[in-house]
Amino acid sequence: MSGTIEHFIDGLPKAELHLHIEGTLEPEMVFALAERNGLKLPYASIEALRAAYRFKDLQDFLNLYYQAAQVLVTERDFFDLTRAYLARAAADGVRHAEIFFDPQTHTKRGVPMAAVVDGIVAALAEAERERGLTSRLILCFLRDLDAADAMATLDAALPFRRHIAGVGLDSAEAGNPPAKFAEVFQRARALGFKGVAHAGEEGPAAYVTAALDDLGALRIDHGVRSIDDAALVERLARSQVPLTVCPLSNQYLRVTPDLSRHPLRELMAAGVLVTINSDDPAYFGGYVNANYRAVQKAFDLSRAELAGLARASFAASWLDAGAKAKRIAEVEAYAAAG
Ligand code: HPA
Ligand code: ZN
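The model shown is predicted, which means the values in this text are computed figures rather than measured ones. (Residues numbered from 1 in each chain as written. Chains lettered and ligands numbered in written order. Predicted model: local features only at pLDDT ≥ 70, side-chain atom pairs only at ≥ 80, totals over all residues. Heavy atoms only, no water.)

> Explain the overall build of the protein chain here, please?
Check the secondary structure of the protein chain and you find 16 helices and 8 strands. For a compact globule of 338 residues, the expected C-alpha radius of gyration is about 20 Å, and the protein chain comes in at 19 Å, within 12% of that figure. For the protein chain, the C-alpha atoms occupy an extent of roughly 55 × 40 × 40 Å along the three principal directions. Counting every position in the protein chain, which comprises 338 residues, the buried fraction comes to 56%. (Helix = DSSP H or I, 4+ residues; strand = E, 2+ residues; numbered from the N terminus. Rg over C-alpha atoms; globule rule 2.2 N^0.38 Å. Buried < 20%, exposed > 50% of the residue type's maximum accessible area, 1.4 Å probe, protein only.)

In structure tokens form, the structure reads like this:
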């Protein structure tokens, strides 16, 4: 065994499966894009904006996240944003990323769906070409808006369907149960999209069950509140429906009081397919490796356990079977080399 465990994490090949592209908007880029687009910000400086990154809860974070996203206007803005994320991800050993975007945040300001999707997709194609970093794109519906708005957004995305692997559900969870979007998800599935949903972040374990039963979700984003329902944990372990866990996000949004009390360890012990992700890394203290480092420290995870999490990230991805096997073999070879 040579090198530190941090060094081991840095080089570990991994997939990231829970990442909001709007959540990668760093304060420096907020200011640069505001200037480029002639927009005035309610913050005097980059430091003043960064100082506002102290959140009471999910809604408190979302208020700032939606406000900052208003600087994204042109296709080039979405390209630059995505490109900057992919460079950081590649530096963290990410070989494959499944990326959320929130079109309603942009289309309701008059930004065309084409500017959003074409900008993101151009950066994804460049990263695959130049870095071998593969990706999928997931369109998220904002659950605090109504189902009709989600349905209209699905329609507006159809001209871009070849670029979009699946649909997801994010934004304010409490009071917006999965059932509200059952029809939209059913239609999306009929059109060939896969489905995932945020559930059990601030909402109860029952929302995780509902995401599985009412939406047919293939993965649960967050899902940490599943720990409150033993039968659900059993079901997740048996079905191997993955949870995309975001430890630093949970800490910043006070979903868990501190990482040592995060349910990750218990979920792993129960045999649930958990993965480690960064959610909104510009807001929550770091990119995916910061999340691996934080849980390694909180739970004293071994190299074998860390490699297991990286293996799970590929197993839980939507790569085809051949690519999955190849990436998992890379993880095994890396772990064997120590
Ligand atoms: N939860 C819900 N909605 C979101 C999040 C999150 O963590 N990040 C961006 N939108
Ligand atoms: Zn999220």
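> What is the right way to look at helix α8 (residues 147–157) in this model?
Side chains that are three or four residues apart share a direction in an α-helix, a result of its 3.6 residues per turn. Taken residue by residue, α8 has A150, M151, T153, L154 and A157 as its buried positions. Relative to the axis of α8, the buried residues are bounded by an arc of 160 degrees and lie together on one face. Looking at the buried positions of α8, the neighbouring elements they touch are α6 (103–107), α7 (113–131), β3 (134–142), β4 (166–170) and α9 (182–190). (Arc of directions from axis to C-beta. Contact = heavy atoms within 4.5 Å.)

> Where do I start with the environment of K324 in this structure?
Along the chain, K324 turns up in helix α16 (residues 321–337). Sequence separation of K324 and A337 is 13 residues, and the distance between their C-alpha atoms is 20 Å. When near neighbours in sequence (up to four residues on either side) are disregarded, K324 contacts F314, A315, S317 and L319.

> Quick question: what am I supposed to make of the site of ligand 1 here?
Close to ligand 1 lie H20, L58, F61, L62, Y65, D170, S171, H198, E201, H222, D279 and D280. The contact in question runs from a nitrogen atom of ligand 1 to an N or O atom on the backbone of S171, over 2.8 Å. Between ligand 1 and E201 there is a distance of 2.7 Å, counted from a nitrogen atom to a side-chain nitrogen or oxygen. Protein burial of ligand 1: of its 260 Å² of free accessible surface, 100% is covered by the chains. Counting residues per element, the shell around ligand 1 draws most heavily on helix α4 (residues 58–68), which supplies 4 residues. (Near = heavy atom within 4 Å. Polar contact = N/O pair within 3.5 Å; in protein donor to acceptor, adjacent residues only side chain to side chain. Areas by Shrake-Rupley, 256 points an atom, 1.4 Å probe, with all protein chains shown as cover.)

> What's the story with the pairing of strand β2 (residues 94–101) in this structure? I'm lost.
Sheet faces and side chains relate simply in a regular strand, where the side chains alternate between the two faces. For β2, a buried count of 7 out of 8 residues is recorded, marking the element as mostly surrounded by other parts of the structure. As defined by bridge partners, strand β1 (residues 14–20) adjoins β2 across 5 bridges and the pair is classed as parallel. Residue pairing in the sheet places A15 in a bridge with H96 of β2. Pairing of β2 with β3, which is carried by 6 bridges, proceeds in the parallel orientation. By the bridge assignment, F101 is partnered in β3 with L139. (Pairing = 2+ DSSP bridges.)

> Is there a simple way to explain the packing of helix α2 (residues 27–36) against helix α5 (residues 75–91) in this structure?
A pair of packed helices is characterised by two quantities: the angle between their axes and the separation of those axes. Here α2 crosses α5 at 165 degrees, and the two axes come no closer than 12 Å. Judged by the angle between their axes, α2 and α5 are roughly antiparallel. For the pair α2 and α5, the crossing hand works out as right-handed. Contacts between α2 and α5 involve M29, L33 and R36 on the former and, on the latter, R76, D77, D80, L81 and A84. (Axes fitted to C-alpha atoms, helices over the stretch in contact; angles between N-to-C directions. Parallel < 35°, antiparallel > 145°, perpendicular 65-115°, else oblique. Left-handed = near helix turned anticlockwise from the far one by under 90°.)

> Any chance you could explain the side chain of H222 here in plain terms?
Mapping H222 onto the fold places it in strand β6 (residues 219–222). Of the polar contacts made by the side chain of H222, one reaches the side chain of E201; its length is 3.1 Å. Look past the residues within four positions of H222 in its chain and what remains in contact with it is H18, H198, A199, G200, E201, L243, T244, V245, C246, S249, N250 and D279.

> Explanation requested: the packing of α5 against α7 in the structure shown.
The interhelical angle for the contact between α5 and α7, taken along N-to-C directions, is 35 degrees, at an axis separation of 7 Å. The interaxial crossing formed by α5 with α7 has right-handed handedness. Taking contact as the criterion, the partners of E75, F78, F79, T82, R83, L86, A87 and A90 in α5 are, on α7, A115, V116, D118, G119, I120, A122, A123, L124, E126, A127 and R131. Residues belonging to the contact of α5 with α7 are distributed by class as follows: 12 nonpolar, 2 polar and 5 charged. (Nonpolar A, V, L, I, M, F, W, Y, C, P; charged D, E, K, R; others polar.)

> Teacher, can you tell me more about the state of the cysteines here?
One covalent bond between the sulfur atoms of two cysteine residues makes up a disulfide. What the rule picks out here adds up to 0 disulfides. Looking at the unpaired C140, the closest cysteine sulfur is the one in C246, lying at 12 Å. Assessed through its relative accessible area of 0%, C140 is described here as buried. (Disulfide = S-S within 2.5 Å.)

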